[in-house]
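# Geometric and topological summary
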Amino acid sequence: MVACERKGERNSSKNKKRERQRDMNCETCQLKELELDPAEIRDVLRCVLHTIFFHRALGLVRPKDVDCELFEITYVQCGDAELEKKIDEKIEQFVAWSEKHPNRKSQVCLSFYEVKSKQSSWFGSKVERQFWENWIVNVNVHPINPPKSSFLNTREKVLEETRTRMSALETSVREILFQIIKFANEKQEHIPPITNSEVVSFPYEITTPR
């Protein structure tokens, strides 16, 4: 009995060590923070999330060019209707949360993982998720009131200030897209072997604030 208990302790220690090694193998990309008006959330998050998926799909994709509504930016989707639906659902969840929690910084996290069977006792095993990559989209959502026209603030000046802000936001989005591409190209050794030909080769989850 004592020997069994000691053996169980050793197995538990080994499992914890494996879990620590697994966590160490999980790469995380913290994307530059985006300052968004509520009306800009959908277009920007679609652009960012679809770009991540396209560079991590690893399966048989049907590339589809999509133009942003707010900027002169074209990004690529995987051409999978189910994936598009799931992304839109999560974005709507985030929009609903931001409406209830205005002027708050928050995150949308996209994580890829493997499903592994792990022996939990002498008599059975359990299935667990082994995460191998996290993408953190940092967002600061707050209403951005456009400058008002007045005697000292002409309509032309108001339009110029609005264009300046949108140009700065477009630059930030472009920088994030390049950050995604750079990370996806440089960080590949941790990606598990591909065992299927689905569009997105690995399970994933998109988490939003609750």
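Residues numbered from 1 in each chain as written. Predicted model: local features only at pLDDT ≥ 70, side-chain atom pairs only at ≥ 80, totals over all residues. Heavy atoms only, no water.

Before going further, it helps to examine the overall build of the protein chain. Summing up its helical and strand segments, the protein chain has four helices and seven strands in all. Going residue by residue from the N terminus, the α and β elements of the protein chain occur as α-β-β-α-β-β-α-β-β-α-β. Looking at the protein chain as a whole, 38% of its 210 residues are labelled buried. A fraction of 75% describes how many contacts in the protein chain between residues 6 or more apart in sequence connect residues 24 or more apart. Element-wise, carbon and sulfur atoms account for 50% of the exposed surface of the protein chain, whose accessible area totals about 13200 Å². (Helix = DSSP H or I, 4+ residues; strand = E, 2+ residues; numbered from the N terminus. Buried < 20%, exposed > 50% of the residue type's maximum accessible area, 1.4 Å probe, protein only. Contact = heavy atoms within 4.5 Å. Areas by Shrake-Rupley, 256 points an atom, 1.4 Å probe, with all protein chains shown as cover.)

For the rest of this paragraph, the subject is the packing of aromatic side chains. What the rule picks out here adds up to seven aromatic pairs. Between Trp 135 and Phe 183 the ring centres are 4.9 Å apart and the planes differ by 70°, which places this aromatic pair in the edge-to-face class. Linking Trp 135 in strand S6 (residues 125-141) with Phe 183 in helix H4 (residues 155-186), this pair joins segments that are 48 residues apart in sequence. For Phe 183, a relative accessible area of 11% gives the class buried. Aromatic rings pair up to connect Phe 53, Phe 112, Trp 132, Phe 202 and Tyr 204 into one cluster. (Phe/Tyr/Trp six-rings, centres within 6.5 Å; stacked < 30°, edge-to-face > 60°.)

Take the pattern of salt bridges next. A full pass over the atoms with the stated rule returns 12 salt bridges. Of the charged contacts, one joins Lys 64 and Glu 84 as a salt bridge, the two residues approaching to 3.1 Å between their closest N and O atoms. Placement of the pair is Lys 64 in strand S3 (residues 64-67) and Glu 84 in helix H3 (residues 81-100), with a sequence separation of 20 residues. According to the relative accessible area criterion, Lys 64 is partly exposed, its value standing at 35%. For Arg 129, the salt bridge goes to Glu 205, with nearest N and O atoms at 2.6 Å. Of the two residues, Arg 129 is situated in strand S6 and Glu 205 in strand S7 (residues 204-207); the sequence distance between them amounts to 76 residues. For Arg 129, a relative accessible area of 40% puts it in the partly exposed group. Using a relative accessible area of 25% as the deciding quantity, one classes Glu 205 as partly exposed. (Salt bridge = Lys/Arg side-chain N within 4 Å of Asp/Glu carboxyl O.)

Here the phi dihedral of Asn 103 falls at roughly 55°; this positive angle occurs in a residue that is not glycine. For Asn 103, the position within the fold is in the loop between H3 and strand S5 (104-119).

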